[in-house]
Amino acid sequence: MVNIDSTWAEVLADEFQKPYFTRLTEFVRREYHTYTCYPPGKKIFAAFDLCPFDAVKVVIIGQDPYHEPMQAEGLCFSVAEGVQPPPSLVNIFKEIESDLGTPPPPNGSLRRWAEQGVLLLNATLTVRAHQAGSHQHQGWEEFTDAVIRELSVRRSGLVFILWGSYAQRKGAVIDRSRHLVLQSAHPSPLSAYRGFFGNHHFSLANDYLIKQGKTPIQWG
């Protein structure tokens, strides 16, 4: 039994029964037993536990958890309180300030977003310490594809935020007639000046949510 929020457990029940997920579970257990891995086991599904299926308003798609100590907390782009925000997250806060006039928050934890209905979804939910991408192609991508597909089909009026080519490819299954899809360059220092800065995704997301009769996100 996967220890995940009950609303997601119901929506994803079929995925948990598939052979790939059994293999994935065995792989993750073996990795966590043999190596240091991130995030901590109890936070692997934190994005889902903090943001139940019916509460989702916005989906932000990342790639891998952070792979250095004390950083990953199960939410894409987010780092635990007390940890220096990585460059991509610093750039996200810069764009929020430029877009909304909201100054950077006191820490880099995005739990406050998740608790308002922002699903902070990494494509791969675990990683071996110091080895970026080490848990890719083991089944996580198939699982998170199913998450995006179920949200696209079962919900309407969501905002999907896709930064960079990887997230944009992963978002190809989203029904754009039912949802708002916002795309731009990635906030990484390598690409932020090629279209991330000035994308106004945070105000655009809130404008759309208001039109849907939903409470906007407090991004600060």
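These notes cover the structure that comes with them. This is a predicted model, so every value here is computed, not measured.

**Here we look at the sheet that holds strand E6 (residues 180–184)**
Here comes step 1: On the basis of which strands lie adjacent, the open sheet formed by four strands has the order E3-E2-E5-E6 and parallel pairing. Looking at strand neighbours, the two that pair on one side only are strand E3 (118–122) and E6, the edges of this open sheet. Each strand axis lies, on average, 20° off the axis of its neighbour in the sheet, ignoring direction.
Here comes step 2: Pairing of strand E2 (residues 58–62) with strand E5 (residues 159–163) involves four bridges; the strand directions are parallel.

**Quick look at helix H7 (residues 140–154)**
Here comes step 1: Over its 15 residues, H7 runs 21 Å from end to end, which matches the ideal 21 Å to within 8%, given 1.5 Å per residue.
Here comes step 2: Three or more residues of H7 are buried, namely Trp140, Glu141, Phe143, Thr144, Ala146, Val147, Ile148, Glu150, Leu151 and Ser152.

**Some thoughts on the packing of aromatic side chains**
How two aromatic rings sit relative to each other is set out by the distance from centre to centre and by the angle between their planes.
Here comes step 1: As enumerated under the stated definition, the model contains 19 aromatic pairs in all.
Here comes step 2: Centre to centre, the rings of Tyr193 and Phe197 are 4.8 Å apart; their planes meet at 65°, and the pair counts as edge-to-face.
Here comes step 3: Centre to centre, the rings of Phe202 and Trp219 are 5.0 Å apart; their planes meet at 70°, and the pair counts as edge-to-face. One end of the pair, Phe202, is in helix H9 (residues 201–211); the other, Trp219, is in the segment after H9, with 17 residues separating them in the sequence. As far as the burial class goes, Phe202 and Trp219 line up, both buried.
Here comes step 4: Taken together, the aromatic side chains of Trp8, Phe16, Tyr20, Phe21, Phe45, Phe48, Phe53, Trp140 and Phe143 make up a single cluster linked through ring pairs.
Here comes step 5: Lying across the ring of Tyr35, Arg128 places its NZ or CZ 3.6 Å from the centre.

Definitions and limits used
Residues numbered from 1 in each chain as written. Predicted model: local features only at pLDDT ≥ 70, side-chain atom pairs only at ≥ 80, totals over all residues. Heavy atoms only, no water. Pairing = 2+ DSSP bridges. Helix = DSSP H or I, 4+ residues; strand = E, 2+ residues; numbered from the N terminus. Axes fitted to C-alpha atoms, helices over the stretch in contact; angles between N-to-C directions. Expected span 1.5 Å × (residues − 1). Buried < 20%, exposed > 50% of the residue type's maximum accessible area, 1.4 Å probe, protein only. Phe/Tyr/Trp six-rings, centres within 6.5 Å; stacked < 30°, edge-to-face > 60°. Lys NZ or Arg CZ within 6 Å of the ring centre and 35° of its normal.

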